[in-house]
Amino acid sequence: MKKKVNPDPSGTAAPERAASPIWARPERLRRERPALSREQIVRVALALADAEGIDAISIRRIAAVLEVSAMALYWYVERKEDVLDLMIDAVYGEDSVSQPVPADWRSHLQEIAVQTRAMMHRHPWFASLIGHRAVLGPNALKQTDYLLGIVSQLGFDMTTSMSILAMFNAYIVGFVLGEMGEVEAQRRTGLNKEQWQQQMVPYMQEQVIASGRYPHLARYLAESEERPSDEMFIFGLTRLLEGIATYAVTSNSSHER
């Protein structure tokens, strides 16, 4: 009787492997050609997503770029979600963290926020993928642990420190998603922000300002000056960090009583 060959040298059933995080599954080496690696797969996936958007990512598309069959890729990843997880973690690894944790927590958090926003602009698909579930790749865990170390300098308990870190991350992601929305609107309409605003002038003058129904918006349109996006980001970030600093002082003072 011919001996049955186990296609999975790890000895782990495919459904069980796929249910575990990709980083908990050792990369399987393949002697036959083509011999690939997860790193090669992720490199191609990143290039596709950066150029064409996250919808361009599929096992078949990546395989076509690598000039291999889709089945060849399934030796290294079990599903598309594995590729997305690996992509996210690869992006988290682009910016190195300082060691040891700097004592000036406020200026350092601002620096990290600016770097993170720049990273999200390099990878416009990134902000829309994170935030739904915890990211558990080694680079993401390293960054989260590092940021938690910065926030914990303020004397909060770990629950409060993680809540503040979540708020910090939410500000960056939310701001960038707004910027990405403007980019998508330009792609969809063919108009840049200034061109779109010019088209809306008659409507805003008649329906908002002259109608009298929106007095605060009318005053805003009459008195405000539009700030550049970079300036708006720093303005909001500064207010956020000021709030954290004030909360740290009041919280620590109450604990000392």
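Bear in mind the structure is a predicted one, so any value in this text is a computation, not a measurement.

Focus on the environment of Gly93
And step 1. Positionally, Gly93 belongs in the loop between helix H5 (80-92) and helix H6 (105-122).
And step 2. Overall, the relative accessible area of 38% leaves Gly93 in the partly exposed class.
And step 3. Note: C-alpha distance between Gly93 and Gln143 (50 residues apart in sequence) is 8.5 Å.

What about the packing of H6 against helix H8 (residues 138-151)?
And step 1. At a closest axis distance of 10 Å, the pairing of H6 and H8 adopts a crossing angle of 150°. Our classification of the angle between H6 and H8 gives roughly antiparallel. Considering how the two elements wind past one another, H6 and H8 form a crossing that is left-handed. In contact with Trp105, His108, Leu109 and Ile112 of H6, H8 contributes Tyr146, Leu147, Ile150 and Val151.
And step 2. Here the contact of H6 with H8 is composed, by residue class, of seven nonpolar, one polar and no charged.

Some remarks on the packing of aromatic side chains
And step 1. Under the counting rule described, the total for this entry stands at six aromatic pairs.
And step 2. Ring geometry for Tyr92 versus Phe126: centroids 5.3 Å apart, planes at 75°, classification edge-to-face. In this pair, Tyr92 sits in helix H5 while Phe126 sits in helix H7 (residues 126-129), placing the two residues 34 residues apart along the sequence. There is no split in this pair, since Tyr92 and Phe126 are both buried.
And step 3. Taken together, a centroid distance of 5.1 Å and an interplanar angle of 70° make the contact between Phe175 and Phe233 edge-to-face. Here the residue Phe175 occupies a position in helix H9 (residues 158-189), and Phe233 occupies one in helix H12 (residues 229-256), the gap between them amounting to 58 residues. A single burial state applies to Phe175 and to Phe233, both of which are buried.
And step 4. By way of ring pairs, the aromatic residues Tyr92, Trp125 and Phe126 are connected into one cluster.

Observations concerning the layout of surface pockets
And step 1. As a volume, the largest pocket reaches approximately 660 Å³.
And step 2. Lining the largest pocket are 19 residues, and of these Lys193, Gln197, Tyr220, Glu226 and Arg227 sit closest to its centre.
And step 3. Partitioning the lining of the largest pocket into residue classes produces nine nonpolar, four polar and six charged.

Details of unusual backbone geometry
And step 1. Residue Glu67 is not a glycine yet carries a positive backbone phi of 60°.
And step 2. Checked against the element boundaries, Glu67 lands in the loop between helix H3 (59-66) and helix H4 (70-73).
And step 3. The exposed category is assigned to Glu67, whose relative accessible area is 71%.

A few points about a nonpolar patch on the surface
And step 1. A surface patch of nonpolar side chains, about 480 Å² in accessible area, is lined by Ile209, Tyr214, Leu217, Tyr220 and Leu221.
And step 2. Here the element with the most residues in the nonpolar patch is helix H11 (residues 215-223); it accounts for three residues.
And step 3. Within the element layout of this structure, Ile209 appears in helix H10 (residues 193-209).

Remarks on the pattern of salt bridges
And step 1. What the rule picks out here adds up to 14 salt bridges.
And step 2. Here Arg25 ties to Glu78 by a salt bridge, and the two come within 2.4 Å at their closest N and O atoms. Of the two residues, Arg25 is situated in the loop between helix H1 (14-19) and helix H2 (38-52) and Glu78 in the loop between H4 and H5; the sequence distance between them amounts to 53 residues. For the pair Arg25 and Glu78, a shared accessibility class is recorded, and that class is buried.
And step 3. Bridged by salt links that share partners, the residues Arg25, Glu78, Arg79 and Asp82 form one connected network.

Scoring rules and cut-offs
Residues numbered from 1 in each chain as written. Predicted model: local features only at pLDDT ≥ 70, side-chain atom pairs only at ≥ 80, totals over all residues. Heavy atoms only, no water. Helix = DSSP H or I, 4+ residues; strand = E, 2+ residues; numbered from the N terminus. Buried < 20%, exposed > 50% of the residue type's maximum accessible area, 1.4 Å probe, protein only. Axes fitted to C-alpha atoms, helices over the stretch in contact; angles between N-to-C directions. Parallel < 35°, antiparallel > 145°, perpendicular 65-115°, else oblique. Left-handed = near helix turned anticlockwise from the far one by under 90°. Contact = heavy atoms within 4.5 Å. Nonpolar A, V, L, I, M, F, W, Y, C, P; charged D, E, K, R; others polar. Phe/Tyr/Trp six-rings, centres within 6.5 Å; stacked < 30°, edge-to-face > 60°. 1 Å grid on protein atoms, 1.4 Å probe; cavity = no way out; pocket = protein on both sides within 12 Å on 5 of 7 lines; lining within 4 Å. Points joined across faces, edges and corners; volume = space filled by probe spheres on them. Patch = residues over 30% accessible without salt bridge, like charges linked within 9 Å, V, L, I, M, F, W, Y side chains within 5 Å. Areas by Shrake-Rupley, 256 points an atom, 1.4 Å probe, with all protein chains shown as cover. Salt bridge = Lys/Arg side-chain N within 4 Å of Asp/Glu carboxyl O.

These figures capture arrangement, not role.
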